[in-house]
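Each chain, written out:
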Amino acid sequence: MLKSGTFKGKTIIITGGGTGLGRSIGKYLLELGANLVITSRKKEVLDKTASELEQQTGGKVLAVACDVRKYEEIVNVIKETENRFGKVDAVLNNAAGNFISPTERLSHRAFDIVVDIVLRGTYYTTLAAGKNWIERKQPGIFLNIVTTYAWTGSGYVVPSACGKAGVLALTRSLAVEWAKYNIRSNAIAPGPFPTEGAWSRLLPGELVKKFDPAKRVPLGRVGEHQELANLAAYLLSDYSAYMNGEVVTIDGGEWLKNGGEFSHLEMVPNEMWDMLEKTRGK
Ligand code: HXC
Ligand code: NAP
């Protein structure tokens, strides 16, 4: 979508960049000329992704293991990035943890495990990168991946909903506070985009056969990774220089449909509408 060379000379860190959506976005950034840094807990996954992406795109990828719940490990990612590429230009906060469960069945630790990755991890990464940019007096861009239930809330994923709502608040708060340092913060709220990580945790076992996420979407399908990558690349680029504090939904209309009072009327067949039209005003 963007011009080739859009990210020439720019270095972008993606947390959770070894798999799923982070990986797909990373691939597109490389195609547009970025230097890429991918981080997550599993070094062997990162190394495999780094070498495959380098082969596919001809770009440069640095893989650094890092648990976003450990502040010093994030500081180390930034140090390693500076050693290899000189500086960090943007950060995509994409790492997350999630599972479905009735809330009353959760242990208290289950909340911690998800919120620590999603909210604390995003805060730690943001703080470490922000301090680095402010100290170096250089501009920076944050892009945070949330979900549409960050503002509606959602049963059965309560820890994730709380974590993502916090990330949305963080995005909007720092968009204002750190604008004076030329640091922008935006978020993307994706609807369903098939990934191994999300599908295995949110549609485990038989659920995948019972619930087709595409049926909830007015456009009648799930998202394609490249569609999300296009939006992420725009928000990470200087083309979006006047966007700050925004959350962009990319869900085929899913959350609005399910919030709309009369959206269920799509089940009414044409014959019934014909009949209703005839009885109108009688
Ligand atoms: C209930 C669970 C659980 C489950 C773990 N726990 N899985 N409770 N249902 N399915 C509880 C355990 O009982 C335990 O508490 C505590 O959580 C920690 O469990 P561990 O197995 O030790 O956790 P860990 O090995 O660290 O695994 C973390 C994880 C895992 C979050 C549970 O799924 C993970 O690593 N995920 C990373 C990737 C991921 O989730 N990707 C999907 C993102 S999709 P006790 O008290 O028993 O010790 C996404 C999409 C959103 O966010 C929107 C879609 C439209
Ligand atoms: P995914 O492949 O499971 O991605 C999650 C990534 O986070 C993994 O690479 C994982 O790697 C990493 N991670 C987990 N815990 C971590 C930790 N403590 N420290 C560092 N990294 C950690 O799933 P995905 O679907 O691509 O999700 C990516 C993002 O999109 C998430 O923010 C998710 O909430 C969001 N999202 C997805 C969908 C969807 O439909 N797929 C919809 C809305 C929002 P390790 O296990 O190696 O650490």
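On a predicted model such as this, the values are computed, not experimentally measured, just so you know.

Student: Can you help me understand the sheet that holds strand β2 (residues 35-40) in this one?
Tutor: The pairing of strands in a sheet happens through backbone hydrogen bonds and is either parallel or antiparallel. With respect to topology, 7 strands assemble into an open sheet ordered β3-β2-β1-β4-β5-β6-β7, the strand pairing being parallel. Strands with a single pairing partner mark the edges of an open sheet, and in this sheet they are β3 (61-65) and β7 (247-250). Direction aside, the axes of adjacent strands within the sheet are offset by 20 degrees on average. The sheet contact formed by strand β1 (residues 11-15) and strand β4 (residues 90-93) spans 3 bridges and is parallel. Looking across to β4, one finds that Ile12 is bridged to Ala90. This element, helix α1 (residues 20-31), spans β1, β2, β3 and β4 of the sheet and lies at about 170 degrees to β1.

Student: Help me understand the packing of aromatic side chains in this model?
Tutor: Aromatic ring pairs are described here by two measures, namely the spacing of the ring centres and the angle between the planes. One pass over the structure, following the stated rule, counts 5 aromatic pairs. The interplanar angle of 50 degrees and the centroid separation of 4.8 Å between the aromatic rings of Trp133 and Phe142 together place this pair among those described as tilted. The residues Trp133 and Phe142 share a single accessibility class, namely buried. Judged by centre distance (5.4 Å) and plane angle (80 degrees), the rings of Trp151 and Trp255 are edge-to-face. Of this pair, Trp151 sits in helix α5 (residues 149-152) while Trp255 sits in helix α10 (residues 254-259), placing them 104 residues apart in sequence. The exposure class of Trp151 is partly exposed, given its relative accessible area of 31%. Taking relative accessible area as the criterion, Trp255 reaches 30% and is therefore assigned partly exposed.

Student: Mind showing me how you'd approach the site of ligand 1 here?
Tutor: Near ligand 1 lie 16 residues; those nearest to it are Arg41, Asn98, Ser107, Arg109 and Arg201. The backbone of Asn98 places a nitrogen or oxygen atom 3.0 Å from an oxygen atom of ligand 1. A distance of 2.8 Å separates an oxygen atom of ligand 1 from a polar side-chain atom of Arg109. For ligand 1, the protein covers 61% of the area, taking 1,100 Å² as the surface of the free molecule. Counting residues per element, the ones that place at least two in the shell around ligand 1 are α4 (108-136) and α7 (196-202).

Student: Is there a simple way to think about the side chain of Asp251 in this case?
Tutor: Considering the arrangement of structural elements, one finds Asp251 in the loop between β7 and α10. In this structure Asp251 is buried but unpaired, with Arg216 as the nearest side chain of opposite charge at 7.7 Å. Reaching out from Asp251, the side chain makes a polar contact with the backbone nitrogen of Trp255 at a distance of 2.8 Å. Setting aside its immediate chain neighbours within four residues, Asp251 contacts Thr148, Gly191 and Val217.

Student: Whenever I open this one, the nonpolar core confuses me. Can you help?
Tutor: Proteins that are soluble and globular tend to have nonpolar side chains buried together. Counting 32 residues, the largest nonpolar core has Phe7, Ile12, Ile25, Leu29, Leu36, Ile188 and Leu236 as the members making the most contacts within it. If you tally residues by element for this core, the top one is helix α9 (residues 225-236), at 7 residues. By size, the runner-up hydrophobic cluster in this structure holds 22 residues, among which are Leu62, Val64, Ile78 and Trp133.

Student: Is there a simple way to think about the site of ligand 2 in this case?
Tutor: Taken together, 27 residues lie near ligand 2, and Thr19, Ser40, Arg41, Lys42 and Thr195 sit nearest. One of the side-chain N or O atoms of Asp67 is found 2.9 Å from a nitrogen atom in ligand 2. Lys164 places a side-chain nitrogen or oxygen 2.9 Å from an oxygen atom of ligand 2. Protein chains shield 90% of the accessible area of ligand 2, which is 880 Å² for the free molecule. Counting only elements with at least two residues in the shell around ligand 2, the list comes to α1 and α7. In terms of residues, the shell around ligand 2 owes the most to one element, α7, which gives 3 residues. Its residues assigned to classes, the shell around ligand 2 comprises 13 nonpolar, 9 polar and 5 charged.

Student: What is the right way to look at empty space enclosed by the protein in this model?
Tutor: To find the voids left in a structure, one rolls a probe of water-molecule size over its atoms. Following the criterion strictly, the structure yields 2 cavities of 30 Å³ or more and no others. There is about 60 Å³ of room inside the largest cavity. Around the largest cavity sit Ile13, Thr15, Thr39, Cys66, Val68, Ile74, Val77, Ile78, Val91, Thr125 and Ala129, which together line it. Counting only elements with at least two residues in the lining of the largest cavity, the list comes to β1, α3 (71-85) and α4. Among the elements that take part in the lining of the largest cavity, α3 stands out by supplying 3 residues, more than any other. Looking at side-chain class alone, the lining of the largest cavity contains 8 nonpolar, 3 polar and no charged residues. Approximately 40 Å³ is the volume attributed to the second largest cavity.

What counts, and where the lines are drawn
Residues numbered from 1 in each chain as written. Chains lettered and ligands numbered in written order. Predicted model: local features only at pLDDT ≥ 70, side-chain atom pairs only at ≥ 80, totals over all residues. Heavy atoms only, no water. Pairing = 2+ DSSP bridges. Helix = DSSP H or I, 4+ residues; strand = E, 2+ residues; numbered from the N terminus. Axes fitted to C-alpha atoms, helices over the stretch in contact; angles between N-to-C directions. Contact = heavy atoms within 4.5 Å. Phe/Tyr/Trp six-rings, centres within 6.5 Å; stacked < 30°, edge-to-face > 60°. Buried < 20%, exposed > 50% of the residue type's maximum accessible area, 1.4 Å probe, protein only. Near = heavy atom within 4 Å. Polar contact = N/O pair within 3.5 Å; in protein donor to acceptor, adjacent residues only side chain to side chain. Areas by Shrake-Rupley, 256 points an atom, 1.4 Å probe, with all protein chains shown as cover. Lys, Arg positive; Asp, Glu negative; His and termini not counted. Salt bridge = Lys/Arg side-chain N within 4 Å of Asp/Glu carboxyl O. Core = buried A, V, L, I, M, F, W, Y, C linked by side-chain atoms within 4.5 Å. Nonpolar A, V, L, I, M, F, W, Y, C, P; charged D, E, K, R; others polar. 1 Å grid on protein atoms, 1.4 Å probe; cavity = no way out; pocket = protein on both sides within 12 Å on 5 of 7 lines; lining within 4 Å. Points joined across faces, edges and corners; volume = space filled by probe spheres on them.

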